[in-house]
Amino acid sequence: AQTVTQSQPEMSVQEAETVTLSCTYDTSESDYYLFWYKQPPSRQMILVIRQEAYKQQNATENRFSVNFQKAAKSFSLKISDSQLGDAAMYFCAYRGAWTGNEKLTFGTGTRLTIIP
Amino acid sequence: DTAVSQTPKYLVTQMGNDKSIKCEQNLGHDTMYWYKQDSKKFLKIMFSYNNKELIINETVPNRFSPKSPDKAHLNLHINSLELGDSAVYFCASSQVRNSQEGEQFFGPGTRLTVL
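Predicted model, so just to flag it, every value in this text is computed and none were measured. (Residues numbered from 1 in each chain as written. Chains lettered and ligands numbered in written order. Predicted model: local features only at pLDDT ≥ 70, side-chain atom pairs only at ≥ 80, totals over all residues. Heavy atoms only, no water.)

**A word on the overall build of chain B**
So, step 1. Looking only at helices and strands, chain B features 0 helices and 11 strands.
So, step 2. The C-alpha radius of gyration computed for chain B amounts to 14 Å, which stays within 12% of the reference 13 Å derived for 115 residues, consistent with globular compactness.
So, step 3. The principal-axis extents of the C-alpha atoms in chain B amount to approximately 45 × 25 × 25 Å.
So, step 4. Burial status across chain B gives 47% buried among its 115 residues.
So, step 5. A separation threshold of at least 6 residues defines the contact pool for chain B, and within that pool the share at least 24 residues apart is 54%.
So, step 6. Surface summary for chain B: the accessible area is close to 5,600 Å², and the carbon and sulfur share equals 48%.
So, step 7. Placing the 13 positive and 12 negative side-chain charges of chain B at their respective mean positions leaves the two points 5 Å apart. (Helix = DSSP H or I, 4+ residues; strand = E, 2+ residues; numbered from the N terminus. Rg over C-alpha atoms; globule rule 2.2 N^0.38 Å. Buried < 20%, exposed > 50% of the residue type's maximum accessible area, 1.4 Å probe, protein only. Contact = heavy atoms within 4.5 Å. Areas by Shrake-Rupley, 256 points an atom, 1.4 Å probe, with all protein chains shown as cover. Lys, Arg positive; Asp, Glu negative; His and termini not counted. Charge placed at Lys NZ, Arg CZ, Asp CG, Glu CD.)

Shown next as structure tokens:
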């Protein structure tokens, strides 16, 4: 079974600074997807960024980028130029690539606080 | 237009009651899910349906029964509610085998409180 570990229950960062959230996972599959979801106080789950395991290039979405290390099974999220609206719970998630295994396995989350 | 909608958003009920949560998606997706988020914010899959067929059933008590009348709807019925059922329940949908493969779109969640 796959597991996802987020070792930082809470993080804080000064507004406009950069912060990195850590995520490691365990799997025996060679092909899979990794995600970062954001959950603000409104509780809506919002996809931040997605990475396909077969792609070596790290995904980037505006101020959000990942450092994907497949051999180390590590998938960290970097948020640049942090903004007050980035304050939320961030969840790392894993999904297998084969049909019938589309469920997301989530980490325990990291609560990110932005300091004005 | 709301992509994945759930009703109700809040549900407060007594122990022992039976309740249902409805979910609808207008994205044309063929796979739908139910997730449970507990008081510590941990999210866990409960069920997954693909074209009205159950494909994932995690270790969920028999009191929970999903029903998919068509591929745009996935409802969750809970019998004999217990205090431990209090949580936020999220519905989600996805479409496998397209450019957004893997991405799941979530509903707004239903906060269930059992008294």
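There is more to say, and it comes next.
**Some details on the interface of chain A and chain B**
So, step 1. In this assembly, 22 residues from chain A lie in contact with 28 residues from chain B.
So, step 2. Of the roughly 2,100 Å² buried between chain A and chain B, counting both surfaces, carbon and sulfur atoms make up 52%.
So, step 3. At the junction of chain A with chain B, the criterion picks out 2 salt bridges.
So, step 4. Applying the counting rule to chain A against chain B returns 9 residue pairs in polar contact (both at pLDDT 80 or more). (Buried area = accessible area lost by both parts, 1.4 Å probe. Salt bridge = Lys/Arg side-chain N within 4 Å of Asp/Glu carboxyl O. Polar contact = N/O pair within 3.5 Å; in protein donor to acceptor, adjacent residues only side chain to side chain.)

**Quick word on the state of the cysteines**
So, step 1. In total, this model carries 2 disulfides over all chains according to the counting rule given.
So, step 2. The residue that forms a disulfide with Cys-23 of chain A is Cys-92 of chain A, at a sulfur-sulfur distance of 2.0 Å. Across the S-S bond of Cys-23 of chain A and Cys-92 of chain A the torsion is about -70 degrees, and the bridge reads as left-handed. With Cys-23 of chain A in the loop between strand S3 (19-21) and strand S4 (24-26) and Cys-92 of chain A in strand S10 (residues 88-96), the pair connects residues that are 69 residues apart, well separated along the chain. There is no split in this pair, since Cys-23 of chain A and Cys-92 of chain A are both buried.
So, step 3. Covalently, Cys-23 of chain B is tied to Cys-91 of chain B through a disulfide, its sulfur atoms 1.8 Å apart. The S-S bond linking Cys-23 of chain B to Cys-91 of chain B shows a torsion near -75 degrees; that makes this disulfide left-handed. Placement of Cys-23 of chain B in strand S3 (residues 19-25) and of Cys-91 of chain B in strand S9 (residues 87-94) is noted, with a sequence separation of 68 residues between them. (Disulfide = S-S within 2.5 Å.)

**A closer look at the pattern of salt bridges**
Pairing between side chains of opposite charge can happen when their charged atoms approach one another.
So, step 1. All told, the structure shown has 9 salt bridges over all chains when counted by the stated rule.
So, step 2. Between Asp-26 of chain A and Lys-73 of chain A there is a salt bridge, with its nearest N and O atoms 3.7 Å apart. Remark: Lys-73 of chain A occurs in the loop between strand S8 (64-69) and strand S9 (74-79) and Asp-26 of chain A occurs in strand S4; sequence separation between them is 47 residues.
So, step 3. In this structure Lys-73 of chain A comes out as partly exposed when scored by relative accessible area, which is 26%.
So, step 4. In this structure, the salt-bridge partner of Lys-44 of chain B is Glu-58 of chain B, at a minimum N-O distance of 3.8 Å. Of this pair, Lys-44 of chain B sits in strand S5 (residues 43-50) while Glu-58 of chain B sits in the loop between strand S6 (53-57) and strand S7 (64-70); the two residues are 14 residues apart in sequence, bridging distant segments of the chain.
So, step 5. Put simply, Arg-50, Glu-52 and Lys-55 of chain A together with Glu-103 of chain B are held in one network by salt bridges that share partners.

**Brief notes about the packing of aromatic side chains**
Given two aromatic rings, their pairing is described by the distance between the two centres and the angle made by the two planes.
So, step 1. This structure, assessed with the given rule, holds 16 aromatic pairs over all chains.
So, step 2. With 6.1 Å between their ring centres and 40 degrees between their planes, Phe-35 of chain A and Tyr-37 of chain A make a pair best called tilted. Accessibility classification places Phe-35 of chain A together with Tyr-37 of chain A in one group, the buried group.
So, step 3. Plain terms: the ring middles of Phe-68 of chain A and Phe-75 of chain A are 6.4 Å apart, the flat faces sit at 80 degrees to each other, and that makes the pair edge-to-face. Assigned by exposure class, Phe-68 of chain A and Phe-75 of chain A land together as buried.
So, step 4. Joined through ring pairs, the aromatic side chains of Tyr-33, Phe-35, Tyr-37, Phe-91 and Phe-106 of chain A together with Tyr-33, Tyr-35, Phe-90 and Phe-106 of chain B make up one cluster.
So, step 5. Above the ring of Tyr-10 of chain B, the side-chain terminus of Arg-43 of chain A is found at 5.0 Å from the ring centroid. (Phe/Tyr/Trp six-rings, centres within 6.5 Å; stacked < 30°, edge-to-face > 60°. Lys NZ or Arg CZ within 6 Å of the ring centre and 35° of its normal.)

Geometric descriptors of this kind do not, in isolation, establish any biological role.
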